[in-house]
Amino acid sequence: MADFTLKEKSRAFKGEMTPPGDKSISHRAIILGSLGRGKTRASGFLASRDTLATVDAFRSMGVEINVTAGEVEISGNGLSGLREPREAIDAENSGTTARLLAGVLSAQSFRSTITGDSSLRRRPMSRVTVPLRMMGAGISGEGETLPLHITGSELRGIDYESPVASAQVKSSLLLAGLYAAGRTSVTEPERTRDHTERMLRHFGVPVEASGTRVSVSPAGEFPGTELEIPSDISSAAFFIVAALVNPGSEIIVKNVGLNPLRMGVLDILREMGADISVENRREHCGEPVGDVIARHCALRGVRVEGDAVSRAIDELPVISVAACFAEGETVISGAGELRVKETDRISAMSGELSKLGADIRETRDGMVINGTGELCGARCESRGDHRIAMSLAVAATQARGETVIGDAGCVSISFPEFFPLFEALGKPK
Ligand code: S3P
């Protein structure tokens, strides 16, 4: 799909939906399922472009992986069961694939190359190559960006203080740590999503965590397991904000992953005055899950800073959309990481929402938005970034006249069914 066009304002989002499986957890299911021995079955698996890049990477290293509707079955060959891939591994648009694999590949007994699409080839890789080299990894060249040429080596554990709050960095080192001699510890400036830690434990691998520090010791073989992957809070967020800003809306988003380190979006929206409740709380495979109910209501501007930023890092684009419809000013700061996502998301949201008439300006590490209550339809661009495309679709629901989002097909990176679901739930009144 090239463009997405939304013709009229005035829709109400009503009904129940179950968003697709969590992207971060789906990647980790493939990785740990491939490194375990024997069968791992994961229900709720997200089959999207990003996660299928991880599937293809492990298939190219000899792992049998069957993806069927909403499920994946992996026949893991054990920690030392990967074989040298014939070609470069293409992580496509997926930072998680590239960075987590860099950790795994650094410890293998073969050479490999990781590359990606033009967006991923611009994104920083030194955040993983610097500490992996400290562990003894053989990565040739500068290691600043893809492609990375890796010669697998015997690794040693390190005690690393990461300058960035990044779950990808932490996870890359923990995965390398499964193979390293001695203990591998990572301390982060803020705690980030701990899906790797939770899933490792579910596979029976001990992980120690205390404050912002996590550690693993070399794992022996671990067996495959059964996993239930919850729906992605990051995908749910587009529907939650759509319901909040469109009068007459009430939606129930089912089976959503409620990991505390991903809850920034609900905390920020509640601080904005959002009418959001959570029911039916339960736990699946060490991850908290529940149903989220969101209703239209008036919002007010807030300051988004501190640890809320890393706990809502992927939802800040859609939070900037909510801020357009809130009373007063919203200031997002300390979010410089947004500049090195699939696109520079500070520049993208400021530039594209401005085209729709929003009062938004970019700062070095964030955005300042003055709620205007209504936008006006215009042509805007996803810039090839799935979360920008979906955020603009939400903005368009409260824009007068027609909005066209260029290059909207990129939603398939994390949410292939986004537009049909959006049209089904958000019916013109
Ligand atoms: C992810 C971590 C975050 C997030 C990304 C997924 C993960 O990236 O933005 O969408 O699955 O570990 P960083 O680690 O770069 O913050």
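Just above sits the structure.
What counts, and at which threshold
Residues numbered from 1 in each chain as written. Predicted model: local features only at pLDDT ≥ 70, side-chain atom pairs only at ≥ 80, totals over all residues. Heavy atoms only, no water. Helix = DSSP H or I, 4+ residues; strand = E, 2+ residues; numbered from the N terminus. Rg over C-alpha atoms; globule rule 2.2 N^0.38 Å. Contact = heavy atoms within 4.5 Å. Areas by Shrake-Rupley, 256 points an atom, 1.4 Å probe, with all protein chains shown as cover. Lys, Arg positive; Asp, Glu negative; His and termini not counted. Charge placed at Lys NZ, Arg CZ, Asp CG, Glu CD. 1 Å grid on protein atoms, 1.4 Å probe; cavity = no way out; pocket = protein on both sides within 12 Å on 5 of 7 lines; lining within 4 Å. Points joined across faces, edges and corners; volume = space filled by probe spheres on them. Domains from an automatic or database assignment. Near = heavy atom within 4 Å. Polar contact = N/O pair within 3.5 Å; in protein donor to acceptor, adjacent residues only side chain to side chain. Sits in = over half its atoms within 2 Å of the grid points. Salt bridge = Lys/Arg side-chain N within 4 Å of Asp/Glu carboxyl O. Buried < 20%, exposed > 50% of the residue type's maximum accessible area, 1.4 Å probe, protein only. Pairing = 2+ DSSP bridges. Axes fitted to C-alpha atoms, helices over the stretch in contact; angles between N-to-C directions.

Secondary structure summary: the protein chain contains 13 helices and 28 strands in total. In terms of C-alpha radius of gyration, the protein chain reaches 21 Å, essentially the compact-globule figure of 22 Å for 429 residues. Expressed along its principal axes, the backbone C-alpha trace of the protein chain runs to roughly 60 × 40 × 40 Å. Once local pairs closer than 6 in sequence are excluded, the contacts in the protein chain between residues at least 24 apart make up 75%. Taken as a whole, the protein chain presents about 14,900 Å² of accessible surface, with 46% of it coming from carbon and sulfur. Side-chain charges in the protein chain split into 49 positive and 56 negative, and the spacing between the mean points of these groups amounts to 0 Å.

A word on empty space enclosed by the protein. In this structure the tally under the stated criterion is one cavity of 30 Å³ or more. In terms of lining residues, the largest cavity is bounded by Ile-25, His-195, Arg-198, Met-199, Leu-227, Glu-228, Ile-229, Pro-230, His-284, Cys-285 and Glu-287. Put simply, the parts of the chain that give the lining of the largest cavity at least two residues each are helix H6 (195–202) and strand S14 (226–228). In terms of residues, the lining of the largest cavity owes the most to one element, H6, which gives three residues. Looking at which domains feed residues into the lining of the largest cavity, each of domain 1 (3–20 + 231–428) and domain 2 (23–228) gives three or more.

We now examine the site of the ligand. Every residue close to the ligand is listed here: Ser-24, Arg-28, Thr-96, Arg-99, Ala-165, Ser-166, Ala-167, Gln-168, Arg-193, Ile-313, Asp-314 and Lys-341. Thr-96 is positioned with one of its side-chain polar atoms (N or O) 3.4 Å from an oxygen atom of the ligand. Between Gln-168 and the ligand, the recorded distance is 2.9 Å, taken from a backbone N or O atom to an oxygen atom. If the ligand stood free it would expose 380 Å²; the protein chains cover 95% of that surface. Here the ligand occupies the largest pocket.

In this structure the tally under the stated criterion is 37 salt bridges. Between Glu-352 and Arg-383 there is a salt bridge; the shortest N-O distance is 2.9 Å. Of this pair, Glu-352 sits in helix H11 (residues 345–355) while Arg-383 sits in the loop between strand S25 (379–381) and helix H12 (386–396); the two residues are 31 residues apart in sequence, bridging distant segments of the chain. With relative accessibility at 2%, the residue Glu-352 sits in the buried group. We classify Arg-383 as partly exposed; its relative accessible area is 37%.

Strands sit in the order S16-S17-S15-S2-S28 across an open sheet of five strands; the sheet is mixed. Among the strands making up the open sheet, the edge pair consists of strand S16 (275–284) and strand S28 (426–428). Taken over all neighbouring pairs, the strand axes of this sheet differ in orientation by 25 degrees on average, direction set aside. As judged from the three bridges shared by strand S2 (residues 11–17) and S28, these two strands associate in the antiparallel manner.

This part takes up the pairing of strand S22 (residues 359–363). Where S22 meets strand S23 (residues 366–370), five bridges bridge the pair, whose relative direction is antiparallel. Paired with Ile-360 across the bridge in S23 is Ile-369. Connecting S22 to the next strand, S23, in antiparallel fashion are two residues.

By the secondary structure assignment, Asn-255 is in strand S15 (residues 250–257). In the structure, Asn-255 is positioned 34 residues away from Val-289 in sequence and 5.9 Å away in space, judged by C-alpha atoms. Aside from chain neighbours lying at most four places away, what touches Asn-255 is Thr-18, Ile-229, Pro-230, Ser-231, Arg-282, His-284, Val-289, Gly-290 and Asp-291. A distance of 2.9 Å separates the side chain of Asn-255 from the side chain of Arg-282, its partner in a polar contact.

In short, shape yes, function no, at least from these values alone.
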